[in-house]
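Residue strings, one per chain:
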Amino acid sequence: MQKIITTLVTAAFAGAASIASAQVAAPAQAAAPAQATPAAQPGQAAPLDAAAERAEFERLLRAQVLLDRLHFSPGEIDGAYGSNMRQALATFQKTRNLDAHGKLDDATWNALNADTTPTLTAYVLTGEDVNGPFVKIPEDMMEKSKLDKLGYASPLEGLGEKFHASPDLLARLNPGKNFNRAGEQIVVPAVHGGAPLPQAAKVVVSDSRKVLMLFDSAERLIAQYPASTGSEHDPLPVGNWTIEGVHPNPTYHYNPKLFWDADPSHKKATVAAGPNNPVGVAWIDLSKPHYGIHGTPVPKFIGKTESHGCIRLTNWSAAAVAQVVGAGTNVVLQE
């Protein structure tokens, strides 16, 4: 484990590349000059020094990767502790009969590391990753409707979704790398290759916890994902519903009359499919009219911002859910 920690710290802060099965270093960049640790202000904890910051970053990043592999998603992987990671940790702790406080204590760390997969793995950029076409996505819905496809705005955005990671994290882990060149070798979070997700018999969405949970036919929790679940204007429709259909890569039929905050000049429009479509890469239709479970073009805000009443997931979470539910699956929306 110490070897993994040391390698990752080097990769993230000094520019070396860590590879899953072998340690192959890229040319090291010059280390930043040492900075004096500032004094703590009255009533504040003393700031971490550089080494402690690196160790904490590595520990959180590894925990996020391991949680993701277990289908207890921390949301967009970024190496930082936040509300989505807290919820993922608390649920993992419950499944392991640990104190469910949502903090990464030693007992939780040891339980997570039953999976000895390295935190990072090597990946070589393909033509599909870098060829595009890439286009800046306009904010205005009417302008969106003029595009033939709502694809990625950059290769880095697509790689972030492929590896469940913040684009900023990928850039931080790969200093000096060219994300626009096929054949470039980078390192990415090792989120793939865990146990496959079984078929789900029930979906439960918690408005207070901002999570979507999947249960099997024996009522065992099999997955949890952070979710945006409504707002004061458009509250989550609490109750029991069913899934009426699953639609991968959907077009989006925009009706401004359904949105209290729509631009008065807007008209009905059809927005082309693609990961930057307003509902992302999947629409899971509910028996409640106009409501569904879907993806999003902005994964970093999931669980942290409001929705128009639907259940919004990251694109990769929506795709995972879409693969294990179907028409007739029970959906419980609760406070």
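Calculation rules
Every chain's residues receive numbers from 1 upward, in the order its sequence appears when written. The predicted nature of this model means local features are confined to residues of pLDDT at least 70 and side-chain atom pairs, given and counted, to a pLDDT of 80 or more, with totals for whole chains, interfaces and linings taken over all residues. The side-chain values count all of the structure's non-hydrogen atoms but skip hydrogen atoms and water molecules. Each axis is a line fitted through C-alpha atoms, taken for helices only over the stretch in contact, and angles between the N-to-C directions span 0 to 180 degrees. Only DSSP runs of H or I covering at least 4 residues are called helices, and only runs of E covering at least 2 are called strands; the numbering of each starts at the N terminus. Here is the rule for angles: anything less than 35 degrees is roughly parallel, anything more than 145 is roughly antiparallel, 65 through 115 is roughly perpendicular, and the remaining ranges are oblique. Helix crossings are classified by the rotation of the near helix relative to the far one: an anticlockwise turn of less than a right angle makes the crossing left-handed, while a clockwise turn makes it right-handed. Pairs of residues are marked as contacts when any of their non-hydrogen atoms sit within 4.5 Å. Gly counts as polar in this scheme, as do all residues outside two lists: the nonpolar Ala, Val, Leu, Ile, Met, Phe, Trp, Tyr, Cys and Pro, and the charged Asp, Glu, Lys and Arg. Burial classes follow relative accessibility: with a 1.4 Å probe on protein chains only, a residue under 20% of its type's maximum area counts as buried, one over 50% as exposed, and anything between as partly exposed. A pair of strands is treated as paired once DSSP finds two or more bridges between them. A helix is expected to span 1.5 Å multiplied by its residue count minus one. Each nonpolar core is a collection of buried residues, namely Ala, Val, Leu, Ile, Met, Phe, Trp, Tyr and Cys, held together in the definition by side-chain atoms within 4.5 Å. Confidence of the predictor at the level of single residues is given by pLDDT, which spans 0 to 100.

Asks: Quick rundown of the packing of helix α2 (residues 50–69) against helix α3 (residues 83–95)? Include the residues and the values.
Replies: Interaxial distance between α2 and α3 falls to 11 Å at its minimum, and their mutual angle equals 60°. Taken together, α2 and α3 sit at an angle that is classed as oblique. Crossing angle aside, the handedness with which α2 passes α3 is left-handed. Along its contact with α2, which presents Leu 60, Ala 63, Gln 64 and Leu 67, the element α3 presents Met 85, Ala 88, Leu 89 and Phe 92. A per-class count over the contact of α2 with α3 returns seven nonpolar, one polar and no charged.

Asks: An account of the pairing of strand β5 (residues 221–226) is requested, with residue identities and associated values reported.
Replies: For β5, the buried fraction is high: five of the six residues fall into the buried class. The pairing of strand β4 (residues 211–215) with β5 spans five bridges and is antiparallel. Looking at β5, one finds that Met 213 is bridged to Gln 224. Hairpin remark: β4 followed by β5, antiparallel, with five residues in the connecting loop; positive phi at Glu 219, about 65°.

Asks: I'd love a proper account of the sheet that holds strand β6 (residues 239–248), names of residues and values included.
Replies: Ordered in space as β5-β4-β3-β12-β6-β9-β10-β11, the eight strands form an open sheet in which the pairing is mixed. Taken across any chain shown, the strands that pair with only one partner, and hence form the sheet edges, are β5 and β11 (311–312). Examined bridge by bridge, β6 and strand β12 (residues 330–334) share four bridges and lie antiparallel to one another. Paired with Asn 240 across the two strands is Val 332, which belongs to β12. α3 rests against β4 and β5 of the sheet, and its axis sits at about 170° to β5. Sheet contacts for helix α9 (residues 315–324): β4, β5, β6, β9 (282–286) and β10 (292–294); angle to β9, the most-contacted strand, approximately 55°.

Asks: Which residues make up α2, and what are the values?
Replies: With 20 residues, α2 should reach 28 Å at 1.5 Å per residue; the first-to-last C-alpha distance of 29 Å fits that figure. For α2, the set of buried residues is Phe 57, Glu 58, Leu 60, Leu 61, Arg 62, Ala 63, Gln 64, Val 65, Leu 66, Leu 67, Asp 68 and Arg 69.

Asks: Break down unusual backbone geometry for me, with residues and values.
Replies: Here the residue pair Gly 132 and Pro 133 is connected by a cis peptide bond, since its omega of 5° sits within 30 degrees of zero. Turning to its location among the elements, Pro 133 is positioned in the loop between α5 (127–130) and α6 (141–144). Even without a glycine there, the phi angle at Asn 97 is positive, about 55°. Turning to its location among the elements, Asn 97 is positioned in the loop between α3 and α4 (106–112). Residue His 164 is not a glycine yet carries a positive backbone phi of 60°. Secondary-structure assignment places His 164 in the loop between α7 (155–162) and α8 (167–173).

Asks: For the pairing of β4, give the residues involved together with the corresponding values.
Replies: Burial runs high along β4: five of the five residues are buried. Side chains of β4 alternate between two faces, with Val 211, Met 213 and Phe 215 and Leu 212 and Leu 214 buried alike.

Asks: Can you lay out the side chain of Thr 314 for me, pointing to particular residues and giving the numbers?
Replies: Take Thr 314: it is sitting in the loop between β11 and α9. The buried category is assigned to Thr 314, whose relative accessible area is 1%. Once you skip the residues sitting within four places of it in the chain, Thr 314 turns out to touch Gly 295, Thr 296, Pro 299 and Ile 302.

Asks: Explain the nonpolar core residue by residue, including any values.
Replies: Counting residues in each nonpolar core, the largest one holds 25 residues, and the members touching the most others are Leu 212, Leu 214, Ile 311, Leu 313 and Val 325. Elements supplying a minimum of two residues to this core: β3 (202–206), β4, β5, β9, α9 and β12. A total of four residues in this core trace back to one element, the largest contributor, which is α9.

Asks: Could you give me a rundown of the confidence of the model for the protein chain, with the residues and numbers involved?
Replies: Chain-level pLDDT for the protein chain is 86 on average; 82% of the residues reach the 70-or-more range. Scored below 50 in pLDDT, residues 1–40 shows 64 contacts in the model against residues more than four places distant or in partner chains.

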